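Descriptive structure summary
Here is what each chain is made of, one letter per residue.
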Amino acid sequence: MALQDDLTAVQRCVDELVRTVDKLTQHAGAEMQGIDVRRVRTDTDHLRESFALLRATTPGAPPGQPQERPDLVRIPDKPYDNSLWTDSDDEGLGAKDRHAP
């Protein structure tokens, strides 16, 4: 459980960094809207995204992370009911009485 605690602590720190950089740029106003502030903001966003990827690939990560594999859907082996295809298009094969070459 120590790994989860560490991941949570890092997530809190990254979130606080993002909030602090936002506050800094709001309070500083126009005099701090140069390339350096944009670079810090971009680096902060990059750090947040990188940590999200790391957390998603860490064994035992909590569910709901962005990189989680979706649940598999079982498709039965038995044939579909033919009535499902009534009045469906033949996808360019022509009329029902003709066959593809």
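That block above? That's the structure.
Presented here is an overview of the structure given in this document.

1. Focus on the overall build of the chain
- Of regular secondary structure, the chain possesses two helices and zero strands.
- Of all 101 residues assigned to the chain, the portion counted as buried reaches 13%.
- Residue pairs in contact within the chain that sit at least 24 positions apart in sequence constitute 53% of those at least 6 positions apart.
- Total accessible area on the chain is roughly 9100 Å²; 56% of this is exposed by carbon and sulfur atoms.

2. Considering the pattern of salt bridges
- Within the structure shown, the criterion is met by three salt bridges.
- A salt bridge links Glu16 to Arg19, with the nearest nitrogen and oxygen atoms 2.9 Å apart. One end of the pair is Glu16 and the other is Arg19, both in helix H1 (residues 2-28) and three residues apart, which spans about a single turn.
- By relative accessible area, which is 39% here, Glu16 ends up partly exposed.
- Overall, Arg19 belongs to the partly exposed group, its relative accessible area being 43%.
- The partner of Asp22 in a salt bridge is Arg41, and the shortest N-O contact between them spans 2.7 Å. You can see Asp22 sitting in helix H1 and its partner Arg41 sitting in helix H2 (residues 35-57), a full 19 residues away along the chain.

3. Describing H1
- For H1, with 27 residues, the first-to-last C-alpha span of 39 Å sits near the 39 Å given by 1.5 Å per residue.
- Taken as a whole, H1 has its buried residues at Gln4, Leu7, Val14, Val18, Val21, Thr25 and Ala28.
- In this structure, the buried residues of H1 make contact with H2.

4. Structural notes on a nonpolar patch on the surface
- Together, Val73, Ile75, Tyr80, Leu84 and Trp85 give the surface a local cluster of nonpolar side chains, amounting to about 630 Å² of exposed area.
- Structurally, Leu84 can be placed in the segment after H2.
- When its relative accessible area of 56% is taken as the criterion, Leu84 is described as exposed.

5. With respect to the environment of Arg38
- Checked against the element boundaries, Arg38 lands in helix H2.
- A relative accessible area of 49% places Arg38 in the partly exposed class.
- For Arg38 and Thr25, which are 13 residues apart along the polypeptide, the C-alpha to C-alpha distance reads 9.4 Å.

Criteria and thresholds
Along each chain, numbering runs from 1 in the same order as the chain's sequence is written. With pLDDT at 70 or above as the cut-off, local features in this predicted model cover only qualifying residues; side-chain atom pairs require 80 or more to be listed or tallied, and sums for whole chains, interfaces and linings still use all residues. In computing side-chain values, all of the structure's heavy atoms are included and hydrogens and water are not. Comment: elements are numbered from the N terminus, with helices defined as DSSP H or I runs of at least four residues and strands as E runs of at least two. In this scheme, a residue with accessible area under 20% of its type's maximum is buried, one over 50% is exposed, and one in between is partly exposed, where area comes from a 1.4 Å probe on protein chains only. In this description, contact between two residues means that some pair of their heavy atoms is separated by no more than 4.5 Å. Each accessible area is a Shrake-Rupley result for a 1.4 Å probe, and residues are judged covered by the shown protein chains and nothing else. Each salt bridge in this description consists of a side-chain nitrogen of Lys or Arg and a carboxyl oxygen of Asp or Glu lying within 4 Å of one another. Helices are assigned an expected span. That span is 1.5 Å times one less than the residue count. By definition, no residue in a patch forms a salt bridge, and every one has over 30% relative accessible area; like charges are joined within 9 Å, nonpolar side chains (Val, Leu, Ile, Met, Phe, Trp, Tyr) within 5 Å.

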